[in-house]
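# Reading the structure
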Amino acid sequence: MKTTLTLRQARLAALGAQGLVRRRPENPAGRSVERTLQRLQLLQIDSVNVLSRSHYLPLFSRLGPYDTAIPDRLASRAPRRMVEYWAHEASYIRPELFADLRAVQRRVWMTAHSLPAEVRNRLSEEIMAVLDGGPPLTSREIALRLDGGKAKDSGNWGWNWSASKRVLEDLFAAGTISSAGRTQQFERQYAPTACVHPAGEAALEASDPQEAVLRLTELAAQAHGVGSVRCFADYFRLPQRDTATAVADLVRSGTLRPVQVAGWNTPAYLHADTVIPRRSAARALLSPFDSLVFERKRLEALFGFRYRLEIYTPLPKRRYGYYVLPFLLGEQIAARVDLKADRERRVLLVQAAHREPDAPAHTAVELAAELRMMADWLGLEDVIVKPLGNLAEELKLAVCRE
């Protein structure tokens, strides 16, 4: 018979698996960052910097104020403990996952496949020649090195920027080249993968795709605590059919256990190593790209919280704001706030603040403390709450008392 979990047990299992039940450590160091990455498996990267780079925020949610130089160092200095690759979109991952993700990589982004083969091959050889034995270069620097930075007319396809950029992205997606670090403008600095990955040339050895999906599915299940095939597939963007096969194998081996979650209509699975905490002491602002909120249907099923990223929604149609962070308090998502770091004025702007139904009475007080902590971490001197949303007035008073 299937084990039955209450919705609260499933919620606590998910929070525990994501490292969001305990109070944050004091003075988090490099090991804390590495342990958090080990738990989450990945940190999604995004170019939006209205508040902070997205990969910094999940670490802050779990560790509190930490030195962002730590993940920068882990991703840019040998032996790297974080490398970039496609996972749940572009992500920092543990180096051990690179070969498996490369084996199941089916994403085509800024593809060069439409280029004539001779142009594509020539550009690939030229890019690799520029990178081999030299320093890591950004895409702009590579374009300048190609033919001295001058476009060569070859009919419709020459040595032009768009063509070289597309080939460059294909080489990255293929795993042939990697990011050795990022500039202050957050541009990738490309280098051959063997020069970046701590395993060197061995990093390029092929993984068996079926075994890779099996391993990645188990890691996704670990990071979820409890979830469905859809959830596990979404974590690393795996094909659902292959993930379902892997889940069946993991059930047979005892690694996953089928469970019935109260109120869920889809089959769910509990990882054998999942510990269901008794309670959660969490207080965290969650990035729109936090791994807890990746799968929106699961988020709603667990917390009764419907969440949509409105960055690309026209302003008049936005309901909650541009860069909205859910606020986790204990076992509930108690509020959501639209945040912006006004670096010129050195203030953290709360553009809007909305309370969720059944939020605890002390939500505004706890959120005010979290906002003060975030502002300090970001090097901002004050928190300003604008009068938009059903929590704004109460939050403004709480911030003033902080």
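A short tour of the structure in this document, coming up. Think of each chain on its own: its residues are numbered from 1, step by step along the sequence as written. At least 70 in pLDDT is required for a residue's local features to be given in this predicted model, at least 80 for side-chain atom pairs to be given and counted, and no such filter applies to totals for whole chains, interfaces and linings, which use all residues. As a convention, hydrogens and water are excluded, and side-chain values are obtained from all of the structure's heavy atoms.

## Section: the environment of Thr176
Think of it this way: any DSSP run of H or I at least four residues long counts as a helix, any run of E at least two long counts as a strand, and we number them from the N terminus. Along the chain, Thr176 falls in the loop between α8 (161–173) and β5 (177–182). In this scheme, a residue with accessible area under 20% of its type's maximum is buried, one over 50% is exposed, and one in between is partly exposed, where area comes from a 1.4 Å probe on protein chains only. A relative accessible area of 30% means that Thr176 is categorised as partly exposed. With 114 residues separating them along the chain, Thr176 and Arg62 place their C-alpha atoms 33 Å apart. Residue contacts are counted whenever heavy atoms from the two residues lie within 4.5 Å of one another. Sequence-distant contacts of Thr176, that is, excluding residues within four places in its chain, are made with Met128, Leu171, Pro192 and Thr193.

## Details of the sheet that holds strand β7 (residues 226–227)
Whether two strands pair comes down to DSSP finding at least two bridges between them. Spatially, four strands are ordered β1-β8-β9-β7 in an open sheet, and the strand pairing comes out mixed. Either end of the sheet is taken by a strand with one partner, and the two such strands are β1 (3–5) and β7. In this sheet, strand β8 (residues 256–261) lies alongside β1 in parallel orientation, the contact comprising three bridges. Counterpart to Thr3 in the pairing with β8 is Val259.

## What to know about the environment of Ala194
Note on placement: Ala194 falls in helix α9 (residues 193–196). When the C-alpha positions of Ala194 and Gly175 are compared, they lie 9.7 Å apart, and in sequence the two are 19 residues distant. Setting aside residues up to four positions removed in sequence, Ala194 forms contacts with Gly200 and Glu201.

## Quick look at the pairing of β8
Bridge count between β8 and strand β9 (residues 268–271): four bridges; the pairing is antiparallel. Note on β9: the bridge partner recorded for Arg257 is Leu270. The turn joining β8 and β9, which pair antiparallel and follow one another in sequence, is formed by six residues; a positive phi near 90° is taken by Gly263.

## Quick notes on the pattern of salt bridges
One speaks of a salt bridge when a side-chain nitrogen belonging to Lys or Arg is within 4 Å of a carboxyl oxygen belonging to Asp or Glu. Using the criterion set out here, one finds 25 salt bridges in the structure. Where Asp290 meets Arg62, a salt bridge forms, and the shortest distance between an N and an O atom there is 2.8 Å. Taken as a pair, Asp290 in the loop between β10 (283–285) and α13 (296–303) and Arg62 in helix α3 (residues 57–63) lie far apart in primary sequence, 228 residues in all. On the basis of relative accessibility, which here comes to 0%, the residue Asp290 falls in the buried class. Here the salt bridges share partners, and the residues they tie into one network are Glu84, Lys165, Glu169, Arg182 and Arg188.

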